[in-house]
Amino acid sequence: MVWIKSERKKGVVKGRTRSIPVKYLVEVIVNFNKDTQERTTRLLTLDSNDIDFYIEKNNKHQAKQRKPLELEIKIKYFDENYPPLEDIAVGDLIDLRSRERIEYKKGDSFIIPLGVAMHIPNGWRADVSPRSSTFKKWGIIQTNSTGKIDNSFSGDEDEWGLPVYALNDGVIEKFDRVCQFEVIKKQPKIKFNTVKSLNNPSRGGFGSTGTK
Ligand SMILES: O=c1ccn([C@H]2C[C@H](O)[C@@H](COP(=O)(O)OP(=O)(O)OP(=O)(O)O)O2)c(=O)[nH]1
């Protein structure tokens, strides 16, 4: 990592030309998104006067980078007695509860109010899915397989919900932990490029590789 004086930005030396004075090809970080940890970079050719090589600063910088990513999520509870969600270790999913007691009959489909609204940071979204024991405990299945929570679903009345279908009669008690969620990076902006051929061999799918 180097400091580029003229740009007042950081960069990485990618190469060196043999001309005198020596020129360096430097990849400059022009934008760094703290939420997604994504960098936007640009290549520049510079001579050494434009660059400070700073090994020590670089080490400190790398130490900072090694800190695990921590996301702060604003959360609003719809019931003051809802047990607050706790900080979690990296990668663990977080259980969510039903805000109310719900009695249901076999064949009912309904949305379980999950008692929370959140502002998922820019660049992220959340996926809601059942716990592994949800069907066994309540005989319900999630009708949309996975709930996709957009980061724009962040208003005061945007309470998360779990749409379900009941395969038997049952009761969900207030604050039962019925599902779980995780945050996921949003996919990048996608540009479609229409072609006549993809120029790759077709591998086949839908069971084509057999069972053994
Ligand atoms: O299981 C879910 C699915 C969605 N949502 C919330 C979050 C999401 O951001 C919002 C809108 O969801 P989606 O984009 O799936 O629905 P829509 O666009 O309003 O309706 P559809 O696409 O079904 O017409 O509803 C939930 O709380 N739980």
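Within each chain, residues carry numbers counting from 1 in the order of the written sequence. Totals for whole chains, interfaces and linings use every residue, but because this is a predicted model, local features are given only for residues with pLDDT of at least 70 and side-chain atom pairs only at 80 or more, for both listing and counting. In computing side-chain values, all of the structure's heavy atoms are included and hydrogens and water are not.

## What to know about the overall build of the protein
Inference 1: What counts as a helix is a DSSP run of H or I of at least four residues, what counts as a strand is a run of E of at least two, and both are numbered from the N terminus. Scanning the protein from terminus to terminus reveals two helices and 16 strands.
Inference 2: The C-alpha atoms of the protein give 25 Å as radius of gyration, which overshoots the globular expectation for 212 residues (17 Å, by more than 25%).
Inference 3: Projecting the C-alpha coordinates of the protein onto the three principal axes gives extents of approximately 80 × 50 × 35 Å.
Inference 4: Of all intrachain contacts in the protein linking residues separated by at least 6 positions in sequence, the fraction that spans at least 24 positions is 65%. For the radius of gyration, the atoms used are the C-alpha atoms, and the globule rule reads 2.2 Å times the number of residues raised to 0.38. By the convention used here, residues are in contact when the closest approach between their heavy atoms is within 4.5 Å.

## A word on the site of the ligand
Inference 1: We call a residue near a molecule or strand when any one of its heavy atoms sits within 4 Å of it. Contacts to the ligand come from Asn-144, Gly-147, Lys-148, Ile-149, Asp-150, Phe-153, Trp-160, Gly-161 and Pro-163.
Inference 2: Any pair of N or O atoms that falls within 3.5 Å is considered a polar contact. Within protein, one atom must be able to donate a hydrogen and the other to accept it, and sequence-neighbouring residues count only if both atoms are side-chain atoms. One nitrogen or oxygen atom from the side chain of Asp-150 is found 2.5 Å from an oxygen atom belonging to the ligand.
Inference 3: Take Gly-161: an N or O atom from its main chain is 2.8 Å from a nitrogen atom of the ligand.
Inference 4: For the accessible areas, the method is Shrake-Rupley and the probe is 1.4 Å, while residue cover comes only from the protein chains on display. Protein coverage of the free-state accessible area of the ligand, which is 580 Å², stands at 46%.
Inference 5: Of all the secondary-structure elements, those providing two or more residues to the shell around the ligand are β13 (147-149) and β14 (161-166).
Inference 6: Each residue belonging to the shell around the ligand can be placed in one class, and the counts come to four nonpolar, three polar and two charged. Residue polarity is assigned by list, with Asp, Glu, Lys and Arg as charged and Ala, Val, Leu, Ile, Met, Phe, Trp, Tyr, Cys and Pro as nonpolar; anything else, Gly included, falls into the polar class.

## Topic: a negative patch on the surface
Inference 1: Among the surface-exposed residues, Glu-70, Glu-72, Glu-86 and Asp-87 lie close enough to one another that they form a single negatively charged patch.
Inference 2: You can see Glu-72 is positioned in the loop between α1 (55-66) and β6 (74-77).
Inference 3: Here's how the labels work: a residue is buried when its accessible area is under 20% of the maximum for its type, exposed when over 50%, partly exposed in between, all with a 1.4 Å probe on protein chains only. Relative accessible area serves as the criterion here: at 71%, Glu-72 is assigned to the exposed category. Distance thresholds for patches are 9 Å for like charges and 5 Å for nonpolar side chains (Val, Leu, Ile, Met, Phe, Trp, Tyr), applied to residues having over 30% relative accessible area and no salt bridge. Salt bridges are identified by distance alone: a Lys or Arg side-chain nitrogen within 4 Å of an Asp or Glu carboxyl oxygen. Charge counting follows a simple rule: Lys and Arg are positive, Asp and Glu are negative, and His as well as the terminal groups are ignored. By convention, the point assigned to a charge is CZ for Arg, NZ for Lys, CD for Glu and CG for Asp.

## Topic: the domain arrangement of the protein
Inference 1: Annotation comment: domain bounds sourced from an automatic or database domain assignment. On domain assignment, one finds that the protein holds domain 1 (2-57) and domain 2 (74-185).
Inference 2: Spacing between the C-alpha centres of domain 1 and domain 2 amounts to 46 Å.

## Some details on unusual backbone geometry
Excluding glycine, residues mostly carry a negative phi; peptide bonds, for their part, are mostly trans.
Inference 1: Even without being glycine, Phe-175 reaches a positive phi, approximately 70°.
Inference 2: Inspection of the secondary structure puts Phe-175 in the loop between β15 (170-172) and β16 (177-185).
Inference 3: The backbone phi angle of Asn-199 is positive, close to 60°, even though this residue is not glycine.
Inference 4: For Asn-199, the location among the structural elements is in the segment after β16.
Inference 5: Take Asn-199: its relative accessible area is 68%, and that puts it in the exposed class.

## Side note on the pattern of salt bridges
Inference 1: In total, this model carries 11 salt bridges according to the counting rule given.
Inference 2: Linking Asp-79 and Lys-174 is a salt bridge whose minimum nitrogen-to-oxygen distance equals 2.8 Å. One end of the pair, Asp-79, is in the loop between β6 and β7 (94-97); the other, Lys-174, is in the loop between β15 and β16, and 95 residues separate them in sequence.
Inference 3: Residues joined in a network through salt bridges with shared partners are Asp-95, Arg-131 and Arg-177.

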